[in-house]
Each structure stands twice: as structure tokens, then as C-alpha cells.
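A closer look at the structure
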Amino acid sequence: MTLESAIGSVVPRYLLGRHLRELREAAGLSLRQAGSRLEMSASTVSRLENGESPVRSLDVEQACKVYGVADAELVRALMDLAKETRAAKAKNWLSSYADLVSDNFVLFTGLEASTSSLALYETDLIPGLLQTRDYAKSIMGDERFTRSDIDPDVLERRLEIRLNRQQILDRESGAPRLAVVLSEAVVRRRVGGAETMAEQLTHLLDMAQRPDVAIRIMPFDVEEHAGMTTGPFALLGFPSRGPLVEWSGAYVDGFLGFFWSDKPDEVELLQKAWVNLWETALDDARSAEFIKHRLSQLQPNA
């Protein structure tokens, strides 16, 4: 089963909930007020907006009336989205890894697989979508510094999860546009030894040849840039669905978990930071030369 065919109703529920929340807030209604008019409890409205349960298209139609939505095309698009939330879904490919992943990770993986564009900034590691197997294995093995040793079977299954996620870059329906800015430290740090790192850098160069992938390096000698205050982050862009306009979300990963936001003001801050990072980093060609030079240092006899 491919990744994109096994997302199920997670993403439609999330997208619909986000639109319903925006419409309610635009109408100036609280959760309690909306629930009263829709003959639902405030907690039920909240669950629908948080994408925690399927939604009936008739409930969406009624909500649009209560919220004063006059655009018939928009109402129809939202009702169609509601039907997707209730459709029989394929077994999610992550189901067999339920003991290793959280509900939040399932949601993020679904969102990641639905993107039309991805912008990533990393300070220490190659992004998971671009990692080779040996590089990823070394990273996961390094968790021994902060946790107990990982069971070999668990490690193998976690590797499978990471590599399966990379399928979105090869999907037939159109891979997302991927733009990456890496700190110089990422390509200088010898993860897994010289051979593993050389293979990883070669993979980066190969991926950068794709028309929908761009990789740039932020050199140490840049005095100031936005990433100094943001830390690593990802911006996810999503395709439009008829009158449902394209929207973006921001993701920040960390040792204790991740933070996801689709709040316009928070996303806008990281979008501004991204523009600075993209324009400050070496351009595509000079970045490729930088990676090649580092690769030559790892393979002096090649």
C-alpha cells in the first residue's frame, strides 16, 4: 500500500474542521453560541473543528446557514469534504506501527503527504525526507546518548516509517515542491562515519537535480540570519480545492515533541523568516559546489 493511498480521513477531517472554525469565528460566534444554534454541545462543535470525528454533510450545510455563508459553491465544496471524512478509508499504513507513533504523528504524516509545497530549515541534521537509510540508522542509534539502547527490531521498524514517508517525493500524482536550507554544520558533521556521510551527500546532490527539489547551504560566515532565532522548522503548503483556497501550516520538531500551527499570524512569522533564509543562503549552484567540496574531503582518493 502506498503512502498517499492510505491517508484515510485524517486530512479531510482536519481541513474541514479548520474551515468550519474560520467560518464560525468570522460570524462572531463562540463555541457555546454555535452549539446552541446547531443543537450541539460546545464540546461537539470543538471536536468537529479539531478534526476528531467524521462530519455529516447535512451538518455542514446547517453550519453554513448559521454562519451566514452565502457562497453556494463554497458550501458544496465543504459538504463534499464532509463526505470524505465519513468515507470508508483504507487501512492507514501506520496502523502496523501503532505502538511506535502518536496520534499527532499520524496527523502530521497525513498532512505532509497532502502538501503541494514544503520549505524546510535544518541546523544539525539532514531532513528525514532526504535521509539515506544508513544516515537515518546512525541518527536513531545516537539516541543512546539520551535514552537507553534501542531494541534492534524497534530500530528497524522506525527506519521503515522514515523511509516510507519519503514516498511522497516520488508519487505519481505530483510530488510536492521541496525547498531546503541547511546550516553548514549539517554537511560538515560526520554522521555514521565518512562512508555513510559521503553516501548521504551524494544523495543530496542527486535529489537537488530534480526539477521540484532545491537545496541551499547557509554558510558559517554569514553574520546574521533569521534562523538564529527560529531554530529548525518546516512550512507546509496545501493545494486549493475549488473555492477552498490554498493554506499553509508550520511545524517545529523537538526532543520532547512537535508543535504544529496553522494560525495565520504564527505562520506568517515563519514565512518571513523563510524568505530571509532563502535569500541569505548560497544559491543553488554554489550550494551544490559547497556539498561537492565537502564530499571530496570525505573521499580524498575518489
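If you're wondering where the values come from, they're calculated on a predicted model, not measured in any experiment.

Description of the overall build of the protein
Within the protein, the secondary structure is distributed over 13 helices and six strands. Against the globule reference of 19 Å for 302 residues, the protein gives a C-alpha radius of gyration of 22 Å, in line with a compact fold. With respect to the principal axes defined by its C-alpha atoms, the protein has extents near 75 × 45 × 35 Å. Per-residue burial for the protein yields a buried fraction of 48% across its 302 residues. Within the protein, contacts between residues separated by at least 24 positions form 75% of all contacts whose residues are at least 6 apart in sequence. Split by element, the accessible area of the protein, about 15,600 Å² in all, is 49% carbon and sulfur.

Examining the pairing of strand E4 (residues 233-237)
Here E4 lies mainly inside the structure; five of its five residues are buried. Of the two faces of E4, both are covered, the one formed by Phe233, Leu235 and Gly237 as well as the one formed by Ala234 and Leu236. With five bridges joining them, strand E1 (residues 117-122) and E4 adopt antiparallel strand pairing. Counted as the bridge partner of Leu120 is Ala234 from E4.

Looking at the side chain of Glu49
Mapping Glu49 onto the fold places it in helix H3 (residues 42-49). The class of Glu49 is buried, set by a relative accessible area of 6%. Reaching out from Glu49, the side chain makes a polar contact with the side chain of Arg24 at a distance of 2.6 Å. Ignoring any residue separated from it by four or fewer positions in sequence, one finds Glu49 in contact with Gly17, Arg18, Leu20, Arg21, Arg24, Leu31 and Tyr67.

Regarding the packing of helix H7 (residues 133-141) against helix H8 (residues 152-165)
Viewed as axis vectors pointing N to C, H7 and H8 meet at an angle of 130 degrees, and their least axial separation amounts to 10 Å. Comparing the axis directions of H7 and H8 gives the class oblique. The two elements H7 and H8 cross, and the hand of that crossing is right-handed. Of the residues in H8, those touching H7 at Arg133, Ala136, Lys137 and Met140 are Leu155, Glu156, Arg158, Leu159, Arg162 and Leu163.

Describing the packing of aromatic side chains
One pass over the structure, following the stated rule, counts four aromatic pairs. When the centroid spacing of 6.1 Å and the interplanar angle of 50 degrees are considered together, the rings of Tyr121 and Phe233 count as tilted. In this pair, Tyr121 is assigned in strand E1 and Phe233 in strand E4, connecting sequence segments 112 residues apart.

Looking at the pattern of salt bridges
By the definition in use, this model includes 15 salt bridges. One salt bridge in this structure joins Arg18 and Glu22, with 3.0 Å as the shortest N-O distance. With a gap of four residues between them, Arg18 and Glu22 both fall in helix H1 (residues 10-26), about one helical turn apart. Residue Glu22 is classed as partly exposed on the basis of its relative accessible area, which comes to 34%. Salt bridges sharing partners connect three or more residues here, namely Arg18, Arg21, Glu22 and Asp262.

Re the side chain of Asp262
Mapped onto the secondary structure, Asp262 falls in the loop between strand E6 (257-261) and helix H12 (264-280). A distance of 3.4 Å separates a polar atom in the side chain of Asp262 from a polar atom in the side chain of Arg18. Once residues lying within four places of it in the same chain are set aside, the contact partners of Asp262 are Tyr14, Arg18, Arg21, Trp247, Ser248, Gly249 and Val267.

Examining unusual backbone geometry
Residue Glu39 is not a glycine yet carries a positive backbone phi of 60 degrees. Tracing the sequence through the fold places Glu39 in the loop between helix H2 (31-38) and H3. Since its relative accessible area comes to 77%, Glu39 is described here as exposed.

Describing the pairing of strand E3 (residues 213-218)
Counting buried residues in E3 gives six out of six residues, a clear majority hidden from the surface. What you see with E3 is no split at all: Val213, Ile215 and Ile217 on one side and Ala214, Arg216 and Met218 on the other are buried throughout. One ladder, built from six bridges, connects strand E2 (residues 177-183) with E3; its direction is parallel. Note that in E3 the partner of Leu182 across the bridge is Ile217.

Criteria and cut-off values
- Residues numbered from 1 in each chain as written.
- Predicted model: local features only at pLDDT ≥ 70, side-chain atom pairs only at ≥ 80, totals over all residues.
- Heavy atoms only, no water.
- Helix = DSSP H or I, 4+ residues; strand = E, 2+ residues; numbered from the N terminus.
- Rg over C-alpha atoms; globule rule 2.2 N^0.38 Å.
- Buried < 20%, exposed > 50% of the residue type's maximum accessible area, 1.4 Å probe, protein only.
- Contact = heavy atoms within 4.5 Å.
- Areas by Shrake-Rupley, 256 points an atom, 1.4 Å probe, with all protein chains shown as cover.
- Pairing = 2+ DSSP bridges.
- Polar contact = N/O pair within 3.5 Å; in protein donor to acceptor, adjacent residues only side chain to side chain.
- Axes fitted to C-alpha atoms, helices over the stretch in contact; angles between N-to-C directions.
- Parallel < 35°, antiparallel > 145°, perpendicular 65-115°, else oblique.
- Left-handed = near helix turned anticlockwise from the far one by under 90°.
- Phe/Tyr/Trp six-rings, centres within 6.5 Å; stacked < 30°, edge-to-face > 60°.
- Salt bridge = Lys/Arg side-chain N within 4 Å of Asp/Glu carboxyl O.

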